Amino acid sequence: MNQEQTLQISNQLPLVTSPVILKKAIVYKLDSYISGRGELVLPCLPGMLDYYTNIVENLFSHLGRPMPTERQQQLRQMIEKGLAEGFNISAAAMLVIEYELVKPPKKGMACQVTIRTPTLGEQYKAWVAQRKPPLFGSHPDAKVLATVAEFGENATKILDVGGGTGRNALPLARKGHYVDVLELTPAFIEQLQTAIVTENLSMNVIEGDILDPLTRLQPAFYQLAIATEVVSHFRDVDDLRLFLAKMSDVICSGGLLLFNIFLAVDEYVPDEVVREMAQLCWSSLFTSEELTTAMEGLPLAIVSNELVIEYERQHLPETAWPPTSWFESWATGRDIFPLANGKPPLELRWILCRRM
Ligand SMILES: C[S@@+](CC[C@H](N)C(=O)[O-])C[C@H]1O[C@@H](n2cnc3c(N)ncnc32)[C@H](O)[C@@H]1O
């Protein structure tokens, strides 16, 4: 069609002066100028599927792109799959939904779902970069010092599992004890190695994951093994059992194992969502029955079971309380349940065991 013919047809069309119709035409044209994109990052907690799909549907609606039912279902399936895959890899996995407004004449929202899974080492590396030291407190745990004191003045062979920045290990090595630290975060290993060389300490750092079958330690070697604020990173009873079995192997007969663990209060049974959230918040939660199951058949006997926050508040020097700005919230379960007027149904407990 040539220009003259187009003009003729155009001249035959009715004149439009209705503000409503003209506004509609403007909006249609304007949409081609509007751009919008974003990223929604959701922790991979499979139990929160309904909550998440609701957020996404509301978001898209608010951006003027409500999803048709079929599209909603497709996206829900993608989110469900992503949450399960991510959580399976790590409790720190994040589902990332990247979305972008589609330009006319097409309509709707384009989106892509991916999973980000930072390792624990990467997460702690970010702590080193962003937070002011000391990351875990400036004083060793009072319960650790009291347990070491049970061996008298003699130099004791100690294993510190997940020793971190050496809050416990360094003061113990400075007192003349022989300390091996097993640690998986490279940023902390570097700091520990620098301290060992600078201070010429009888301490050794072993790089590894205690839950890795390839991580081997000397059998029946240590008089004491400690794991402070570490079991809270474990994922399930199998992890707990593996840890306890490994400790039974490496502690010599009559030796001690000290660790802290979040235990549900007696009348409370955590559901799946709570367990998922607890893992995300580095507050992995077990019931007393699960601890008993994990210990079954192992040559370990519980010597004491005490509330960490009470013990440490009573026994640490006043100047060392609280150990960090986050400790009280974390140790009382408020990182999972930020209750203003109530007590969460879990407690961080010191468990001291004797290797029989
Ligand atoms: C909260 S920090 C506590 C550090 C130190 N125990 C303290 O109380 O100051 C937890 C530490 O455990 C380490 N960790 C966690 N899971 C571990 C595992 N499976 N094997 C070895 N280290 C682990 C982390 O890298 C981190 O250094």
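For clarity, every value in this text was computed on a predicted model and none was experimentally measured.

Draft legend 1. Representation of the overall build of the protein within the structure. In terms of regular secondary structure, the protein is built from 13 helices and 11 strands. By the compact-globule yardstick of 21 Å for 356 residues, the protein is too spread out, its C-alpha radius of gyration being 29 Å. For the protein, the spread of C-alpha atoms along the three principal axes comes to 105 × 50 × 40 Å. Counting every position in the protein, which comprises 356 residues, the buried fraction comes to 34%. Taking as baseline every contact in the protein between residues at least 6 positions apart, the subset at least 24 positions apart corresponds to 73%.

Draft legend 2. Highlighting the site of the ligand. Every one of the 21 residues lining the ligand counts as a neighbour, but F136, G162, G164, R167 and T185 are closest to it. Those elements giving two or more residues to the shell around the ligand turn out to be α5 (120–130) and β5 (178–183). For the shell around the ligand, the residue count by class is 10 nonpolar, 7 polar and 4 charged.

Draft legend 3. Highlighting the packing of α5 against helix α8 (residues 186–199). Where α5 contacts α8, the two axes come as close as 7 Å, and the packing angle between them is 60°. By the angle between their axes, α5 is oblique relative to α8. Only P186, A187 and F188 of α8 make contact with α5, whose side of the interface consists of G121, Y124, K125 and V128. Of the residues that constitute the contact of α5 with α8, the class distribution is 5 nonpolar, 1 polar and 1 charged.

Draft legend 4. Seen up close, unusual backbone geometry. In this structure, the amide linkage connecting P104 to the following residue, P105, adopts the cis form with an omega of 10°. With respect to the helices and strands, P105 occurs in the loop between β2 (94–101) and β3 (109–116). Residues W321 and P322 are joined by a peptide bond in cis, for which omega reads -10°. By the element assignment, P322 lies in the loop between α12 (308–315) and α13 (327–331). The backbone phi angle of E229 is positive, close to 60°, even though this residue is not glycine. Examined against the element boundaries, E229 turns out to sit in the loop between β7 (222–227) and α9 (237–250). In this structure E229 comes out as buried when scored by C-beta crowding, with 22 C-beta atoms within 10 Å. Although it is not a glycine, W282 adopts a positive phi angle of roughly 55°. Here W282 lies in the loop between α10 (272–280) and β9 (285–286).

Draft legend 5. Structural view of the sheet that holds strand β1 (residues 37–43). With antiparallel pairing, the 3 strands of this open sheet are ordered in space as β1-β2-β3. Edge positions in the sheet fall to β1 and β3, since each has one partner strand and no second. For this sheet the average axis-to-axis angle between neighbouring strands, irrespective of direction, equals 20°. As defined by bridge partners, β2 adjoins β3 across 8 bridges and the pair is classed as antiparallel. Paired with V96 across the two strands is T114, which belongs to β3.

Draft legend 6. Structural context of the domain arrangement of the protein. Segmentation of the protein into domains returns domain 1 (19–116) and domain 2 (120–355). The C-alpha-based centres of domain 1 and domain 2 are spaced at 41 Å. Listed by partner, the interface residues are 8 residues for domain 1 and 8 residues for domain 2. Its residues assigned to classes, the side of domain 1 that touches domain 2 comprises 7 nonpolar, 1 polar and no charged.

Draft legend 7. Spotlight on the pairing of β7. The buried fraction of β7 is high, at 6 of 6 residues. Pairing of strand β4 (residues 157–161) with β7 involves 3 bridges; the strand directions are parallel. Along β7, the bridge assignment pairs D160 with I226. In this sheet, strand β8 (residues 251–264) lies alongside β7 in parallel orientation, the contact comprising 5 bridges. Note on β8: the bridge partner recorded for A227 is F259. Handedness of the β-α-β unit built from β7, α9 and β8 comes out right-handed.

Draft legend 8. Main features of the nonpolar core. With 77 residues, the main nonpolar core has A225, I226, V231, L257, F259, I261 and F262 as its most contacted residues. If you tally residues by element for this core, the top one is β8, at 9 residues. Summarising the domain contributions, this core has at least three residues from each of domain 1 (19–116) and domain 2 (120–355). Filtering out sequence-adjacent residues up to four positions away, F262 remains in contact with S232, A278, S283, S284, L285, F286, G333, L346 and L348.

Draft legend 9. Layout of the environment of G164. When you line up the elements, G164 lands in the loop between β4 and α7 (169–174). When the 23 C-beta atoms within 10 Å are taken as the criterion, G164 is described as buried. For G164 and L182, which are 18 residues apart along the polypeptide, the C-alpha to C-alpha distance reads 8.8 Å.

What counts, and where the lines are drawn
Residues numbered from 1 in each chain as written. Predicted model: local features only at pLDDT ≥ 70, side-chain atom pairs only at ≥ 80, totals over all residues. Helix = DSSP H or I, 4+ residues; strand = E, 2+ residues; numbered from the N terminus. Rg over C-alpha atoms; globule rule 2.2 N^0.38 Å. Buried ≥ 20, exposed ≤ 12 C-beta atoms within 10 Å, placed from the backbone. Contact = placed C-beta atoms within 7 Å. Near = placed C-beta within 6 Å. Nonpolar A, V, L, I, M, F, W, Y, C, P; charged D, E, K, R; others polar. Axes fitted to C-alpha atoms, helices over the stretch in contact; angles between N-to-C directions. Parallel < 35°, antiparallel > 145°, perpendicular 65-115°, else oblique. Pairing = 2+ DSSP bridges. Domains from an automatic or database assignment. Right-handed = clockwise from strand over helix to strand, strands pointing away. Core = buried A, V, L, I, M, F, W, Y, C linked by C-beta atoms within 7 Å.

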